[in-house]
Amino acid sequence: MNAHGAGNPRRAGFWPTLRAVLWSFFGVRRRQAYMEDAGSLNPLAVVVAGVLAGAVFVILIVIAVQVVLA
Amino acid sequence: MAAVTHDQLQGHQPGPTGLMRWLTTTNHKDIGTMYMIFSFIMFLSGGVMALTIRAELFQPGLQVVQPEFFNQLTTMHGLVMVFGAIMPAFVGFANWMIPLMIGASDMAFARMNNWSFWLLPPAAILLIGSFFVPGGATAAGWTLYAPLSVQMGMGMDLAIFAIHIMGISSIMGAINIVVTVLNMRAPGMTLMKMPLFCWTWLITAYLLIAVMPVLAGAVTMILTDRHFGTSFFNAAGGGDPVMYQHIFWFFGHPEVYIMILPAFGIVSQIIPTFARKPLFGYASMVYATASIAILSFAVWAHHMFATGMPAAGQLFFMYATMLIAVPTGVKVFNWVATMWRGSMTFETPMLWATGFIFVFTMGGFTGLICAIAPIDIQVQDTYYVVAHFHYVLVAGSLFALFAGAYYWLPKWTGHMPSEFLGKLHFWCSIVFFNITFFPMHFLGLAGMPRRIPDYALQFADFNALASVGAFGFGLSQLIFLVVVVKCVRGGERAAARSWEGAEGLEWTVPSPAPHHTFEQAPVVK
């Protein structure tokens, strides 16, 4: 994505990417963790994880609604 | 289209002058300036419509305008302010500031940038000109709900074409911003070092690309229902008018965030400068912005609780809407935490930014109240909703735009804006704003419907108060015009770093910023 950052290894695995995305849903992140994210996360993977987590979020609310209405 | 500017291609030969300079310019600063002048003209036009509305509502009964024209005014006020004033103003800020902030020489697609802007004046002419066609302008409300919008005169067609054109302009502007931010950052300006204004605009640009085609689809379906025999929204032909509302609000709710995320970005630049501290929780701000953007696609039907929805649907959209308040609350917390124990001074931009936090938060809270389905069904289409969204869009988007304008005017003009006039503008605006819109909460709770030219006698006092406030607020905006004109014509010279605590690449170039900046990309440590 950033030509100047091409030398950086962006090989964070599935769980670190998902963890960062889940923290983003809360909107809070520790500085140390963010520095690690900035160096290791693949932006494309973050977008994919964000959309997936959004879908899971919707499903969780649907389940909560079903529980309330049951 | 290559990522080089017209001026670079021309080898810095002097370009056309006069009107042709502005018609043919590919310079991001020129285009940014034109966007802002355009949006201010539209702001005044929409403001005149608002004041006509408030003049009519000063007393019960019909005094100033006929009901049909009143409905046109409420509709056009909304359309002009949303699509003509707020959105182009933010794009103007983006044009001026994003290249300066990321160390780029210009926007990525300089010619497309010119076209994005020059599509707007014809769209504005179509929109405003629709007042003068047979039947007048569209009076279906800015949301253009079917079946009203299917039944209107040709003013509706003009509005549809205006929306198409403004939508194309927005999409091109958004593509330009995404490509510029992703590809033209200076060496060392990693995404996570990028000023928050650029981040919020990057995310806003994705939202624009995602939802403007949805709006275009919605109004195109109205157009074909009107003229080509389709029945998308006509129940008699097998269609469904409620489907229009779903499609419109699938665009409309992200649109709310399109109008507020860049405002968050501006405020996030200003508060650290005048608190003389780095922004608290920069990473959280980025993450929260992304979170808000994603969640904004899952809350649209909270605008439609009163249309008759299964309980499961009401609960879903109610829960989702309440949850989206969490990342927004994180942002407010971070701004306050940035100010905490800072060496704060309250120059005009900081006044506007703190005023923004105070009043916008009130709008956020009334939004949460509206999110509760059983309450929303009571306040739907009342003045409570009018109060809520003006607290978000005027106290939110507009106040942030003023904050940003006062903050960057030294960079744009080379002169410091008058502190006295700026503060006068702020205090008049915030006082009159609250006089105008705070009583509307009470009117709404008492049951006064929106979009009516006449009302029952018990609403008279609060309406008179709101009208007095509205005229005060409207006239206060002329102070801003005076400030800008004075600033352009002269005044105290601005230093490159115009504000003591200002950080960022834009403050490393002289004030006013030269026509060409960062032809040699700066290196960010």
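Note that this is a predicted model, so its numbers are computed, not measured.

Caption draft 1: Expanded view of the overall build of chain A. Helix and strand counts for chain A come out as 3 helices and 0 strands. Moving toward the C terminus, one meets the helices and strands of chain A in the order α-α-α. When the 70 residues of chain A are sorted by exposure, 20% land in the buried category.

Caption draft 2: Fine view of the overall build of chain B. A tally of helices and strands in chain B yields 17 helices and 0 strands. Looking at chain B as a whole, 54% of its 525 residues are labelled buried. Considering only contacts within chain B whose residues lie at least 6 apart along the sequence, 82% involve residues at least 24 apart.

Caption draft 3: The arrangement of helix H9 (residues 196-227) of chain B in detail. All names here are of chain B. An ideal rise of 1.5 Å per residue puts 46 Å on 32 residues; H9 measures up with 46 Å between its terminal C-alpha atoms. The largest bend in H9 comes to about 25 degrees, at isoleucine 209, with the proline proline 213 one to four residues further on. Phi turns positive one or two residues past the end of H9, at glycine 229, with a value near 75 degrees.

Caption draft 4: Expanded view of the UniProt feature "domain: Cytochrome oxidase subunit I profile" (unreviewed entry) in chain B. According to UniProt, the positions carrying the feature "domain: Cytochrome oxidase subunit I profile" (unreviewed entry) are residues 22-525 of chain B. The distance from the first to the last C-alpha atom of residues 22-525 of chain B is 36 Å, and the span holds 69% helix and 0% strand.

Caption draft 5: Main features of the confidence of the model for chain B. Residue and element names in this part refer to chain B. On average, chain B scores 94 in pLDDT, and the residues at 70 or more come to 97%. A low-confidence stretch, residues 1-10 (pLDDT under 50), is modelled with 21 contacts involving residues beyond four sequence positions or located in other chains. Both scores are available for the predicted complex, with the pTM at 0.92 and the ipTM at 0.76.

Caption draft 6: Geometry of the packing of helix H6 (residues 120-129) of chain B against helix H8 (residues 154-183) of chain B. All names here are of chain B. Where H6 meets H8, the axes come as close as 8 Å, and the angle between the chain directions of the two elements is 160 degrees. Taken together, H6 and H8 sit at an angle that is classed as roughly antiparallel. Crossing hand, H6 versus H8: left-handed. On H8, the residues that touch Leu120, Pro122, Ala123, Leu126, Leu127 and Gly129 of H6 are Leu158, Ala159, Phe161, Ala162, Ile165, Met166 and Ser169.

Caption draft 7: Molecular detail of the packing of helix H3 (residues 28-56) of chain B against helix H4 (residues 67-102) of chain B. Residues and elements named next belong to chain B. Between H3 and H4, whose axes approach to 7 Å, the crossing angle comes to 155 degrees. The pairing of H3 with H4 is recorded here as roughly antiparallel in orientation. Two packed elements cross with a definite hand, and for H3 against H4 that hand is left-handed. By residue class, the composition of the contact of H3 with H4 is 20 nonpolar, 11 polar and 2 charged.

Caption draft 8: View of the environment of Thr508(B). Residue and element names in this part refer to chain B. Checked against the element boundaries, threonine 508 lands in the segment after helix H17 (460-489). Between the alpha carbons of threonine 508 and methionine 101 there is a distance of 9.8 Å; along the sequence they are 407 residues apart. Not counting residues within four places of it along the chain, the set of residues in contact with threonine 508 comprises Ala496 and Pro522.

Caption draft 9: Structural context of the environment of Thr220(B). Residue and element names in this part refer to chain B. Within the element layout of this structure, threonine 220 appears in helix H9. You can call threonine 220 partly exposed: it has 16 C-beta atoms within 10 Å. Between the C-alpha atoms of threonine 220 and glycine 129, which are 91 residues apart in sequence, the distance is 20 Å.

Caption draft 10: Focus on the interface of chain B and chain A. Listed per partner, the contact involves 24 residues of chain B and 23 residues of chain A. Looking at the side of chain B that touches chain A, the elements with two or more residues in it are helix H11 (282-295) and helix H12 (311-339) of chain B. When residues in the side of chain B that touches chain A are grouped by element, the largest group, 9 residues, is from H12(B). Looking at the side of chain B that touches chain A residue by residue, the class counts come to 19 nonpolar, 4 polar and 1 charged.

Caption draft 11: Main features of unusual backbone geometry. All names here are of chain B. Looking along the chain, the bond that leaves alanine 146 and enters proline 147 is cis, with omega of 5 degrees. Position of proline 147 relative to the elements: it lies in the loop between H6 and helix H7 (148-151). Looking along the chain, the bond that leaves serine 511 and enters proline 512 is cis, with omega of -5 degrees. You can see proline 512 is positioned in the segment after H17. For leucine 144, which is not glycine, the phi dihedral falls at a positive 55 degrees. On the basis of neighbour count, leucine 144 is assigned to the buried category, with 24 C-beta atoms found within 10 Å. In this structure, arginine 451 takes a positive phi of about 55 degrees despite not being glycine. Relative to the elements of secondary structure, arginine 451 occurs in the loop between helix H16 (419-445) and H17.

Caption draft 12: Local environment of the nonpolar core. Of all hydrophobic cores here, the largest spans 182 residues; its most connected members are Leu127(B), Cys198(B), Val267(B), Phe356(B) and Ala403(B). The residues contacting Cys198(B), other than those within four sequence positions of it, are Ile98(B), Met101(B), Ile102(B) and Val181(B).

Caption draft 13: Structural context of the domain arrangement of chain B. Residues and elements named next belong to chain B. The domains assigned to chain B are domain 1 (24-239) and domain 2 (260-451 + 479-504). Taken over C-alpha atoms, the centre of domain 1 sits 20 Å from the centre of domain 2. The interface of domain 1 with domain 2 comprises 20 residues on the first partner and 22 residues on the second. When the residues that make up the side of domain 1 that touches domain 2 are grouped by side-chain class, the tally is 15 nonpolar, 5 polar and no charged.

Caption draft 14: Structural detail: the confidence of the model for chain A. Residue and element names in this part refer to chain A. In the predicted model, chain A carries a mean pLDDT of 78, and 83% of its residues have values of at least 70. Put simply, helix H2 (residues 31-40) is where chain A has its lowest mean pLDDT, 79, and helix H3 (residues 43-69) is where it has its highest, 88. Here residues 1-7 is modelled with pLDDT under 50, and outside its nearest four sequence neighbours on either side it reaches 8 contacts, counting other chains as well.

Caption draft 15: Examining the environment of Ala20(A) more closely. All names here are of chain A. Summarising the element assignment, alanine 20 is placed in helix H1 (residues 14-26). The class for alanine 20 is buried, based on 24 C-beta atoms found within 10 Å. Between the C-alpha atoms of alanine 20 and isoleucine 59, which are 39 residues apart in sequence, the distance is 20 Å. Non-local contacts of alanine 20, meaning those with residues more than four positions away in its chain, are made with Asp37, Leu41 and Val46.

Conventions we followed
Residues numbered from 1 in each chain as written. Chains lettered and ligands numbered in written order. Predicted model: local features only at pLDDT ≥ 70, side-chain atom pairs only at ≥ 80, totals over all residues. Helix = DSSP H or I, 4+ residues; strand = E, 2+ residues; numbered from the N terminus. Buried ≥ 20, exposed ≤ 12 C-beta atoms within 10 Å, placed from the backbone. Contact = placed C-beta atoms within 7 Å. Expected span 1.5 Å × (residues − 1). Bend = angle between axes of the 7 residues up to and from the residue. UniProt positions renumbered as here; feature names shortened; annotations may be inferred. pLDDT = per-residue confidence, 0-100. Axes fitted to C-alpha atoms, helices over the stretch in contact; angles between N-to-C directions. Parallel < 35°, antiparallel > 145°, perpendicular 65-115°, else oblique. Left-handed = near helix turned anticlockwise from the far one by under 90°. Nonpolar A, V, L, I, M, F, W, Y, C, P; charged D, E, K, R; others polar. Core = buried A, V, L, I, M, F, W, Y, C linked by C-beta atoms within 7 Å. Domains from an automatic or database assignment.

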